[in-house]
8 protein chains.
Amino acid sequence: MAFKYNRLDKDDVALLMVDHQAGLLSLVRDFSPDDFKNNVLALADIAKFFDIPTILTTSFEDGPNGPMVPELKEMFPDAPYFARPGQINCWDNEEFVKAVKATGKKQLLIAGVVTDVCVAFPTLSALEEGYEVFVVTDASGTFNQTTRDAAWSRMEQAGAQLMNWFSVGCELHRDWRNDIEGFGGILANHLPHYANLIQSYTVKNG
Amino acid sequence: MAFKYNRLDKDDVALLMVDHQAGLLSLVRDFSPDDFKNNVLALADIAKFFDIPTILTTSFEDGPNGPMVPELKEMFPDAPYFARPGQINCWDNEEFVKAVKATGKKQLLIAGVVTDVCVAFPTLSALEEGYEVFVVTDASGTFNQTTRDAAWSRMEQAGAQLMNWFSVGCELHRDWRNDIEGFGGILANHLPHYANLIQSYTVKNG
Amino acid sequence: MAFKYNRLDKDDVALLMVDHQAGLLSLVRDFSPDDFKNNVLALADIAKFFDIPTILTTSFEDGPNGPMVPELKEMFPDAPYFARPGQINCWDNEEFVKAVKATGKKQLLIAGVVTDVCVAFPTLSALEEGYEVFVVTDASGTFNQTTRDAAWSRMEQAGAQLMNWFSVGCELHRDWRNDIEGFGGILANHLPHYANLIQSYTVKNG
Amino acid sequence: MAFKYNRLDKDDVALLMVDHQAGLLSLVRDFSPDDFKNNVLALADIAKFFDIPTILTTSFEDGPNGPMVPELKEMFPDAPYFARPGQINCWDNEEFVKAVKATGKKQLLIAGVVTDVCVAFPTLSALEEGYEVFVVTDASGTFNQTTRDAAWSRMEQAGAQLMNWFSVGCELHRDWRNDIEGFGGILANHLPHYANLIQSYTVKNG
Amino acid sequence: MAFKYNRLDKDDVALLMVDHQAGLLSLVRDFSPDDFKNNVLALADIAKFFDIPTILTTSFEDGPNGPMVPELKEMFPDAPYFARPGQINCWDNEEFVKAVKATGKKQLLIAGVVTDVCVAFPTLSALEEGYEVFVVTDASGTFNQTTRDAAWSRMEQAGAQLMNWFSVGCELHRDWRNDIEGFGGILANHLPHYANLIQSYTVKNG
Amino acid sequence: MAFKYNRLDKDDVALLMVDHQAGLLSLVRDFSPDDFKNNVLALADIAKFFDIPTILTTSFEDGPNGPMVPELKEMFPDAPYFARPGQINCWDNEEFVKAVKATGKKQLLIAGVVTDVCVAFPTLSALEEGYEVFVVTDASGTFNQTTRDAAWSRMEQAGAQLMNWFSVGCELHRDWRNDIEGFGGILANHLPHYANLIQSYTVKNG
Amino acid sequence: MAFKYNRLDKDDVALLMVDHQAGLLSLVRDFSPDDFKNNVLALADIAKFFDIPTILTTSFEDGPNGPMVPELKEMFPDAPYFARPGQINCWDNEEFVKAVKATGKKQLLIAGVVTDVCVAFPTLSALEEGYEVFVVTDASGTFNQTTRDAAWSRMEQAGAQLMNWFSVGCELHRDWRNDIEGFGGILANHLPHYANLIQSYTVKNG
Amino acid sequence: MAFKYNRLDKDDVALLMVDHQAGLLSLVRDFSPDDFKNNVLALADIAKFFDIPTILTTSFEDGPNGPMVPELKEMFPDAPYFARPGQINCWDNEEFVKAVKATGKKQLLIAGVVTDVCVAFPTLSALEEGYEVFVVTDASGTFNQTTRDAAWSRMEQAGAQLMNWFSVGCELHRDWRNDIEGFGGILANHLPHYANLIQSYTVKNG
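An account of the accompanying structure is given in this report. What you are looking at is a predicted structure, and each value in this text was computed from that prediction instead of being measured.

1. A closer look at the overall build of chain A
Thought 1: If you tally the helices and strands in chain A, you get nine helices and six strands.
Thought 2: Here chain A has a C-alpha radius of gyration of 17 Å; the compact-globule value for 206 residues is 17 Å, and the two agree.
Thought 3: Counting only C-alpha atoms, chain A reaches 55 × 45 × 35 Å along its principal axes.
Thought 4: In chain A, which comprises 206 residues, the proportion classed as buried is 68%.
Thought 5: In the form shown here, chain A has an accessible surface area of approximately 6,600 Å², with 50% of it arising from carbon and sulfur atoms.
Thought 6: Averaging the coordinates of the 17 positive side-chain charges in chain A and doing the same for the 28 negative ones gives two points 4 Å apart.

Okay, structure coming up:
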C-alpha cells in the first residue's frame, strides 16, 4: 500500500480564491494583517506566474461581508468570478462547480476566509468528488489559532494536504533554471529577507 | 476508498451539553472566561435556531461541581436533563443514552467541561455505537492547552471531527437565504467584529 | 517627598470614552473581540452605576472609522457627544474640552481606540492641564502588544496611572456595604467566573 | 471497520514509571517544575488508589542521571525496580520486560523522562508486542515543546493513545459512587482549584 | 541624591496576606494553579521560618468570595485575622491598620488576590503612610497578564518594590550559615529542581 | 513640577534612519519580516508626506552588514547620507552630527537596526545634547524581545519617548482636514485592515 | 495489522543534509539562531560518531542562497557533495539519488532548510521509493511555526516519522555501554544542562 | 537637570560574574539552555577582548549549587575568585568587595544566576556605594519571565541600566576600526546569523 507522491503539476492544477472580502478579512486574527496580505498576494502572483486557471468567488458581497479585495480583482480581470447569492459552501453554487470542472484539472489549490468554513467546506466537497486538494494554509485565515487547529484537523482527516504559498510555488517550479528571474522576482517581492539576500549578492557581484 | 463528506444535517443531528456546571467551569483555562462563555451561549443559540434536539446533563451537581449554568437551563426548559448520580462518562447513564437514542439522529454534536473527560469519554462511546460525532471544540474547555491537545488527539484517532461553533452553524445553515435575519442575528450577538461590520453597513445604507 | 494616594473619587471624576467606533474596533488586536467588548461595556456599567459624568466623542464617524458602537450611545443617551470633524486628539476640539471642564472634576478616566493615539494624546494633554489621569487599559485597544507597550510607557512617563475596569470599580466603590446587590450585579455580568461563584453560593444557601 | 473503545480497566492495566531521576528531571522544560512534580505524584497516587501494578526503572542511576526521585521510591516500596545498567530503551532490559509480562495485563500506562526517548521507545516496543499503550502526557517531560510535538506524533502514528493523569484517573474510576472520599481526596491534593471548590462547598454545607 | 539600599530586615518587617480565599483564587489566571499554590505556601513558610509578624484578612468570607484557604489558617493559628465586613481596601479597616501599626515594623511584605485591587490598594495606602512596601509578586494573582502589568506599573510608580518569594527569603536570610538545614528545607519543598540538586548531592556524598 | 506635553511638530523635527542595511536586517527577529518591512516604509512615507528633513546613515556597508535597503535610498535621493567608516554610534561621526544640527530642529525621530545599539546609542547621545528624542519602536528591530525590553528600558530611563509609526503620523498630522486624501493614502498602504474599511466605505458610498 | 517498530539501525541508515546554506539559514525563524546551530552540529556529530554515510547538497550556492555552512563541509570532507544547478527537490538530481542508492541503506535521516521545501520534497520522494524516512525536526528550520506545522502534517500523512537529534542518537546507540565516553561527550557538547550534570557528578566523585 | 550619558569605558569598568555554577544553572528557565550558554561565554569573550578586570565568585560550591562552570574558570585563570562560605549577596563578602575596589573602576558590569538574587542584591549594594551598574541581562538567568520582570523593575528603580552582551561589546568597542578582525571574530562565534553574513561576504569577495 505504497505512498504515491502526486506533486503539484502546473498543467493539472486550478486555484480557488474563496471570499477574500474586505469585511471578512477584518475577522482574521491568526496572522498579522501585514503577513496575511502578503501571503494572499504572493499566492496570486504564483498563480499568474504559472498561468494557473483561477476562480474567484464571494459571499454576499453587497452586505457586511464587503467586496472582494481590489488587488485580486485587478490581478485576475478575466477569471471566472462568482458572487454567490447565499450559498455558504461555494461548492453548493452550481456555476462555480461547473467552472471548476471546466478547467479539466485534477488538483485544486484552495485558499480563503475563514478557514473553518469558506475553505474547509469546499475542501471536503472537492475531496468527495475525487479531487486532490491542497489547502494553502497561510493564504487562509480565521478567528484565532484554536479554530485554525480544529479546521486543519478536519481537513487532514479527510485527506487534504496542507501547504504554504512558498512550498506551492517551489513544487510547481521544480527547477530554478526554468526561469530564474521570474521566480526570484516573486520571492524578492514577498520574502523581505530573501530580497535582502539578493540585494547583498547583487551589490557585491555588480 | 473514497472520502464521503457527511455534512451536519439539521434534521439528523442532536446536541449533547455535558457538565457545564458553575464549579467545573472555574477549572477551564484554555479559553479566557469571556470567550468561553460566549462560545457556549453561541452554540446554544444555534441549537435553538435550528431546533436541534438538545440533551443536558450534569455530574454530581449537589457537590462541589456546582449547578448547571443557569443560562443553559433557561434556554432549554423542556430539554431532557439528567443529573447523573455518579457516572463520570455520561454514556454510562442508561437514561441519558436512552434519550439520545430516542432522538433518532445519527449525528451528535458534543460539548462539555472538561474536554479530556466529559467530552472525550462520551465521544468515544458514541463513536463505538456508530454515531458520527462532531466535537464542538470551542464550547468545550479544560485545564490547559497541553491537556486539550492530547484529548483532541485521542478523539481524532477514534474518528471524531473537530469543529467550532461558527462552522457548526454555517454547515447547518447551508444558505444565507434560508433566513438572513435570524442567522445574522446570532453572528451579531456572538462575533463582536461581525456586529461592527453589520453596524457600519446598516448606518451607511440606512 | 512623600507619595500621596489620591484615590479615584466618585464625586470628583469624569469618564471620557474616545472613538469606540465600529470601524476602528476592527483594528484592535491586543484583546480578543469578546474580551474587549466585555471590558468596554463593563466600564460603561460602572460609570452608570456611580453616576459619573461621561463624555463621548468620535472621529470622522461618517467615513471609514464608522459610527460609535450602538450600546454606548444607548447607555448614555444624554451624555455630551462630540462627533469631531477632524481633530485627531480630542483635546484639540474646543467643545469637548469645554465639556470636560464643565464637569468640574479633577480626575479623568480615559478609554478609547486606539490606545497609542486616541487615548495617549488626550491623556498627555489632560496631564499638562493638571488633571489626574487614569487610563483604563483594558477598555482601550490597539494594533498589537508591542504598540501597546510603547504607548503605556509614554503615558506612564508623563504621570498617568494605568488601571483596569475592575480596579476602577473597586476603588470607586470602597465598601461592599454601599450597595452589595448593585455592585455584585456588575461583576456577575462581566466576570463569568465571579458569576459562577455567586451561583454556586446562591444555590447552596437558597 | 468500526471503532472499538477499549477503556482503561483497573483490572487489566499496569503502570511503567521510566527514568524519573533527579538529574534527568532538570532537563524537563515543557512543564513548569511545580506543575510537573504535581503531575507525576498525582499519577502515582492514582496507581496506588486503584492498586495498579507498577514497575519502576532508572537509567544509569549512579552517574549524572541521578537517583530516582525519592517520593516515588517511598510510594512503591515493593514494586519491581530495575536500575538498568545501560539499555536506553527499558524494553531492551529482559528483566524489565519479564516483570511487565508477569503482571498479565494487556494495557500499559507509560510515563517518563524524557518523552522522546524514555517514553517513546518502550511505547513503540510495547505496541509492537500487542499491548494497548496509553501515554500519560503530563507526567512525561522533555526539552521543549517542539521536541514534545514530534515525539507525540511518532507515538500517535504507531497507535498509542495520549492521556493526562486526570483523564486516566476518571476513566479508571468510572463512577464517583465507587469511592467518593478517596477519589475526591486525590483531586483535592493535585488540583488546587478543585480543592477550593470542595472547601467552599464544605464550609457552606458544614 | 544617592540611592539607599534598605534591605528587608527580619526584625523590621511584617507580612500582610490579603484575601487568599477559596472563591477568589479561582479568578487567578496569571499563574498555573500549581505554581500559585506553591508560591503562596512558600511565602508562608518563609514568614514562619523568620518568625515574621503576619496578619491575615479576608473580604466578605461568608459570600461567594469564600473562606480563607485552610493551609494559611493552620500555619498561622495565632495571627491577627480580620474578616472584613465590606471594606475592599483592607487599609480602610481600622482594626487591620491598628494591628499593622502594633507590629512596630517599618517594612511591609504584601501578597494577595487579586493583585490590582487587594494588593494594589493597601500598597498605595501603606506607601502614603511612610511604610516601605515590598509586593510579593508571585504570591499575588489576578485575571490575566495584562491586568497584572498595569497593576505593577501603578505600584512601581508609587514607590513599591517588586519581589518574588525566593528573593524575599534570600534577602531576609543573608547568609546560609545562619541555618543551612532550615533554609535549605524551604527551598527543597518549594523548588522541585533545587530538591533534585540536593538529592543528587546527598546520594553521592552519603 | 508640571508635565509639559511637547508634541511632535512637523516644523521642528528631523528623522534619523540608522543602519537599515540588507545584512543587518536579517538579524531582526522581534518583528515578522513582513511587519518590519511595512513599518519601516510607513515611517519613510510619513517623513516624505510631512516633508521632514531625513538623514540616512550606514555602518560598514561594504562588509557583511550590506548596503542600505534600496527602497530607502530611492525615497530619499537627496537626503544627507553617511556611510560611516567605522563608528558604531552614528553620533560619533562628526559629519552626521553636523548634518543633524544643520536641520535646526529640536525634536528627533530615531529608528534603526539593531535597537539596542544603532538606536539606543545615538538616542542617549542626542538626549545628552538636549534634543527631545522619540524612538520609533516598530521601525527599529533587534535580536529578540528580551533584548528589546532591556533597550527600551535604558532609553526610557534617559528620557526618550517610545512611539510607533502610526502615532508619529497622527501626532504630526493633528487634524484630518489638513489633508484627508494624502494621510488616508498612507494608512491605506500600510494598514491592510484600514484599507478594508476604506474599501467597504467607498463601495457603499460610491 | 500489527505495528512494526523498525528502529533506526546504524548499519542501515544514511543521513541527507539538504541546503544548510549561509543565506538560507537567515530565513529560519522557528528556532533561535543558537538553538538551531547547536541542533545541526549535534546531528552532524551523531552521524560522525556512528559512522553513518552522509550526503551533502546545496541549491544554487553561487547565488543569494550562499555557500554551505563551513562547519558541515569540514566535518564531512569526503562525503558526496552535490551543488545542484537548479533542482529544488534534491531528489530530482540524478547524481544525488544515485549516491543515496549507492549507500545501500533502507533508512534515511533527512534534515534541511527550509522544512516545507528542502526537507518535505525529498522526504515525499524517498517515501514513494520505499525508504523509511525519519525527519530530524530540530535540525530542519523554516519561516515560522505555522509553516512548520503544515509541513510536518504533510510529511506525517505520507508516513514519515518525526524525530529530534537527541532521540536519533539514543535510538542508534541502544546501550550506553557501547561507548559511554563517546556518547556522553556528544551530549555534553550539545546539551548544556547535561554538561552541568556531568560536571557536578565528576567534581563530587573526582 | 540634563541627562548625562556615561558610556561604558573599557578603562573604567570591571566585570563581576556571580554564581554561574553547574547546579544553579539548571534552575534557569527564562532562556533556552543553548542561548544562555552562548550569552555567558560571549560576555566572557568580550571581557577578555577588552582586557576588563573580571572577578568571579560562587556560593556554597561544595554543596548542591555545584562548581563554577569550567569554561569560565579556564578563561580567567588569574582572576580573583571567591568561593563564598555562605553570604548570599556577594557584596557581603569583604574580600570580594575589597577586590572590586582594588580595580579602581567606577563602572561595574554584573551578570549572574539567579537574576533576582545573585544579580539584584550586589547591584543594589554597588549602586548604594556610588558605582554605575550595568546589568548584563542576557547573561543573567532565573526561574521564569515573571520573576525576571520583577527583578528588572527593582534594579531599574534603583538606577541600574539594563544591557545585553552585544550592546556592551559595541559600547566598549566604539569604532570597528579599532580592531575589525578581533571584534568581528567574537560576533562570528556568538551570533550565528552574523557568521552567515560574514561567510557569504567572504566567499563572494574571495
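2. Quick notes on the pairing of strand β3 (residues 81–84) of chain C
Residue and element names in this part refer to chain C.
Thought 1: Only one face of β3 is buried: it carries Phe82 and Arg84, and the other face, with Tyr81 and Ala83, is open.
Thought 2: Two elements, strand β2 (residues 54–59) and β3, share four bridges in a ladder whose sense is parallel. Pairing of Thr57 across the sheet is with Phe82, part of β3.
Thought 3: Once the chain exits β2 it traverses helix α3 (residues 70–75) before rejoining the sheet at β3, and the crossover so formed is right-handed.

3. Considering the state of the cysteines
Thought 1: Tallied over the full model, the rule gives zero disulfides over all chains.
Thought 2: Left unpaired, Cys170 of chain A is separated from the closest cysteine sulfur, that of Cys118 of chain G, by 7.2 Å.

4. Concerning the relation of the copies chain B and chain A
Thought 1: It takes a turn of 90° to lay chain B on chain A, together with a shift of 0.0 Å along the axis; the resulting RMSD is 0.0 Å. What the rotation and shift describe, once combined, is the action of a four-fold rotation axis.

5. Quick word on the sheet that holds strand β4 (residues 107–112) of chain F
Residue and element names in this part refer to chain F.
Thought 1: What the six strands build is an open sheet, ordered β3-β2-β1-β4-β5-β6; its pairing is parallel. The open sheet has two edge strands, β3 (81–84) and β6 (161–163), and neither has a second partner. Each strand axis lies, on average, 25° off the axis of its neighbour in the sheet, ignoring direction.
Thought 2: Taken together, the three bridges between strand β5 (residues 132–136) and β6 define a ladder with parallel strand orientation. The partner of Val135 across the bridge, within β6, is Leu162.

6. Description of helix α2 (residues 33–49) of chain E
Residue and element names in this part refer to chain E.
Thought 1: In this model α2 runs 24 Å from its N-terminal to its C-terminal C-alpha over 17 residues, within 8% of the 24 Å that 1.5 Å per residue would give.
Thought 2: Burial runs high along α2: 12 of the 17 residues are buried.
Thought 3: Asp51, located one to two residues past α2, shows a positive phi value of around 60°.

7. Re helix α6 (residues 145–158) of chain A
All names here are of chain A.
Thought 1: Given a rise of 1.5 Å per residue, 14 residues ought to cover 20 Å, and the 20 Å separating the end C-alpha atoms of α6 matches this to within 8%.
Thought 2: Within α6, 10 of the 14 residues are buried, which leaves it mostly tucked inside the rest of the structure.
Thought 3: Of the residues making up α6, those classed as buried are Thr146, Thr147, Arg148, Ala150, Ala151, Trp152, Ser153, Arg154, Met155 and Ala158.
Thought 4: The N-cap residue of α6 is Asn144: its side-chain oxygen and the backbone nitrogen of Thr146 are 3.3 Å apart.
Thought 5: Among the residues trailing α6, Gly159 stands out with phi positive, at a value near 110°.

8. Regarding the relation of the copies chain G and chain F
Thought 1: Placing chain G over chain F gives an RMSD of 0.0 Å and needs a rotation angle of 180°, together with 0.0 Å of translation along the axis. When the rotation and shift are considered jointly, the pair of chain copies conforms to a two-fold rotation axis. Relative to the rotation axis, the closest C-alpha in chain G is found at Ser26 of chain G, a distance of 3.0 Å.

9. Side note on the interface of chain B and chain A
Thought 1: Taken together, the contact pairs 33 residues of chain B with 34 residues of chain A.
Thought 2: Regarding the contact of chain B and chain A, the summed buried area is about 2,900 Å², with carbon and sulfur atoms giving 59% of it.
Thought 3: Broken down residue by residue, the surface that chain B buries against chain A is led by Phe3, Tyr5 and Trp176 of chain B, which jointly contribute 21%.
Thought 4: Summed over the shared surface of chain B and chain A, the result is three salt bridges.
Thought 5: Between Glu171 of chain B and Arg154 of chain A there is a salt bridge, with its nearest N and O atoms 2.9 Å apart.
Thought 6: Where chain B packs against chain A, one counts 13 residue pairs in polar contact (both at pLDDT 80 or more).
Thought 7: When residues of the side of chain B that touches chain A are traced back to their parent elements, those giving at least two are α6 (145–158), β6 (161–163), α7 (165–173), α8 (180–190) and α9 (192–205) of chain B.
Thought 8: Of the residues contributing to the side of chain B that touches chain A, the split by class is 18 nonpolar, seven polar and eight charged.

10. Description of the sheet that holds strand β1 (residues 13–18) of chain A
Thought 1: With respect to topology, six strands assemble into an open sheet ordered β3-β2-β1-β4-β5-β6 (chain A), the strand pairing being parallel. Strands at the two margins of the open sheet, each flanked by one partner only, are β3 (81–84) and β6 (161–163) of chain A. Strand-to-strand twist across the sheet, computed as the mean angle between neighbouring axes with direction ignored, equals 25°.
Thought 2: Across four bridges, the pairing between strand β4 (residues 107–112) of chain A and strand β5 (residues 132–136) of chain A is parallel. If you follow Leu108 of chain A over to β5 of chain A, its bridge partner there is Val133 of chain A.
Thought 3: Packed on one face of the sheet, helix α7 (residues 165–173) of chain A meets β1, β4, β5 and β6 of chain A and runs near 100° to β6 of chain A.
Thought 4: Packed onto the sheet, helix α6 (residues 145–158) of chain G meets β5 and β6 of chain A and runs at close to 150° relative to β6 of chain A.

11. Examining the environment of Leu43 of chain F
All names here are of chain F.
Thought 1: Here Leu43 lies in helix α2 (residues 33–49).
Thought 2: With 27 residues separating them in the primary sequence, Leu43 and Leu16 have C-alpha atoms 11 Å apart.
Thought 3: Each residue touching Leu43, except ones within four places of it in the same chain, is listed here: Leu15, Met17, Ala111, Val136, Ala139 and Trp165.

Definitions and cut-offs
Residues numbered from 1 in each chain as written. Chains lettered and ligands numbered in written order. Predicted model: local features only at pLDDT ≥ 70, side-chain atom pairs only at ≥ 80, totals over all residues. Heavy atoms only, no water. Helix = DSSP H or I, 4+ residues; strand = E, 2+ residues; numbered from the N terminus. Rg over C-alpha atoms; globule rule 2.2 N^0.38 Å. Buried < 20%, exposed > 50% of the residue type's maximum accessible area, 1.4 Å probe, protein only. Areas by Shrake-Rupley, 256 points an atom, 1.4 Å probe, with all protein chains shown as cover. Lys, Arg positive; Asp, Glu negative; His and termini not counted. Charge placed at Lys NZ, Arg CZ, Asp CG, Glu CD. Pairing = 2+ DSSP bridges. Right-handed = clockwise from strand over helix to strand, strands pointing away. Disulfide = S-S within 2.5 Å. Least-squares fit on C-alpha atoms with pLDDT ≥ 70 in both. Axes fitted to C-alpha atoms, helices over the stretch in contact; angles between N-to-C directions. Expected span 1.5 Å × (residues − 1). Polar contact = N/O pair within 3.5 Å; in protein donor to acceptor, adjacent residues only side chain to side chain. Contact = heavy atoms within 4.5 Å. Buried area = accessible area lost by both parts, 1.4 Å probe. Salt bridge = Lys/Arg side-chain N within 4 Å of Asp/Glu carboxyl O. Nonpolar A, V, L, I, M, F, W, Y, C, P; charged D, E, K, R; others polar.

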